[in-house]
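# Chains, contacts and geometry: an overview
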Amino acid sequence: MTAELPEPSPRPVPSGELRASHDDREAVVEQLRDAAAEGRIDLDELDSRLEQALTSKTYAELAVLTADLPKSPSAAAAAAAENLPPLVLKGGMYGASRGPGRWEVPGHVIAHAGLGGVSIDFTRVECRLTEVVVEAYGETSGVTIVIPDGWATDTTGMDPGFGGLKDKTTPDRLPGAPLIRLTGSGGMAGVVIRHPNKRERRKLDGNGTRG
């Protein structure tokens with residue numbers, strides 16, 4: 001009686017053959033546009049490479065399109081932002097806030113409302129990241145998050161708790177705009193994420209800032 005041979009294990013898929021995502025293609029598109037703006041490729045070549053980028057299915061197909069280009073400043077800035085330590089805000093007795101105003105956005109923001117509450121305003125930042133994880137805990141006084149028009153939010157990882165979650169944002173995400181991935185718990189007071197209200201919009205327009 002002959003012994004049964006073990007079935008061959010599946011061949012590992014080389015990294016270049018892995019399927020690319022929409023975000024992967026968008027990152028290459030941004031790098032190509034930066035290269036054209038810097039005069040590294042002409043407009044005809046830009047159009048050709050953009051068409052290939054949008055139809056590429058694997059990492060290898062995307063890599064060919066930028067192999068002769070230096071890493072873009074925006075990509076370097078995004079890498080630096082990803083390495084920033086998490087921003088931790090604790091409401092404590094008197095509350096805490098970040099923004100409005102210019103501040104450097106890390107890849108992870110943690111907000112504990114405490115008794116005083118926490119407010120996070122992204123409307124005047126220049127975020128180089130495609131995704132930012134905001135871990136919010138409503139606790140006793142709640143957390144309020146304000147994001148610019150064109151930014152989007154994913155709240156599927158959020159536990160509404162007793163206080164609930166109020167998502168007043170629109171689903172209209174602009175190409176390349178960041179996604180706020182909201183996690184944590186609403187606690188007793190809840191978590192609110194929204195776009196600027198009328199008063200905040202007047203201030204933004206008056207300062208000539210862009211959302």
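Everything here concerns the structure above.
### Notes on the packing of aromatic side chains
Enumeration over the complete set of coordinates arrives at 2 aromatic pairs. Ring geometry for Trp103 versus Phe122: centroids 5.2 Å apart, planes at 40°, classification tilted. With a gap of 19 residues between them, Trp103 in the loop between β2 (96-98) and β3 (108-112) and Phe122 in the loop between β4 (118-121) and β5 (131-137) connect regions that are remote in the sequence. You'll find Trp103 and Phe122 in the same group, each marked buried. Ring centres of Phe122 and Trp151 lie 5.7 Å apart, and the angle between their planes is 50°; on these two criteria the pair is classed as tilted. Of this pair, Phe122 sits in the loop between β4 and β5 while Trp151 sits in the loop between β6 (143-146) and β7 (152-159), and the two are 29 residues apart along the sequence. Trp151 sits in the buried class, given a relative accessible area of 7%. Here a set of aromatic residues connected by ring pairs shows up, and it is made of Trp103, Phe122 and Trp151.

### Some remarks on the packing of helix α1 (residues 22-37) against helix α3 (residues 59-66)
Running from amino to carboxyl end, α1 crosses α3 at an angle of 5°, the nearest separation of the two axes being 10 Å. Viewed along their axes, α1 and α3 adopt a mutual orientation that is roughly parallel. Judged by residue contacts, Asp24, Arg25, Val28, Gln31 and Leu32 of α1 engage Tyr59, Leu62, Leu65 and Thr66 from α3. For the contact of α1 with α3, the residue count by class is 5 nonpolar, 2 polar and 2 charged.

So, how was this worked out
Residues numbered from 1 in each chain as written. Predicted model: local features only at pLDDT ≥ 70, side-chain atom pairs only at ≥ 80, totals over all residues. Heavy atoms only, no water. Phe/Tyr/Trp six-rings, centres within 6.5 Å; stacked < 30°, edge-to-face > 60°. Helix = DSSP H or I, 4+ residues; strand = E, 2+ residues; numbered from the N terminus. Buried < 20%, exposed > 50% of the residue type's maximum accessible area, 1.4 Å probe, protein only. Axes fitted to C-alpha atoms, helices over the stretch in contact; angles between N-to-C directions. Parallel < 35°, antiparallel > 145°, perpendicular 65-115°, else oblique. Contact = heavy atoms within 4.5 Å. Nonpolar A, V, L, I, M, F, W, Y, C, P; charged D, E, K, R; others polar.

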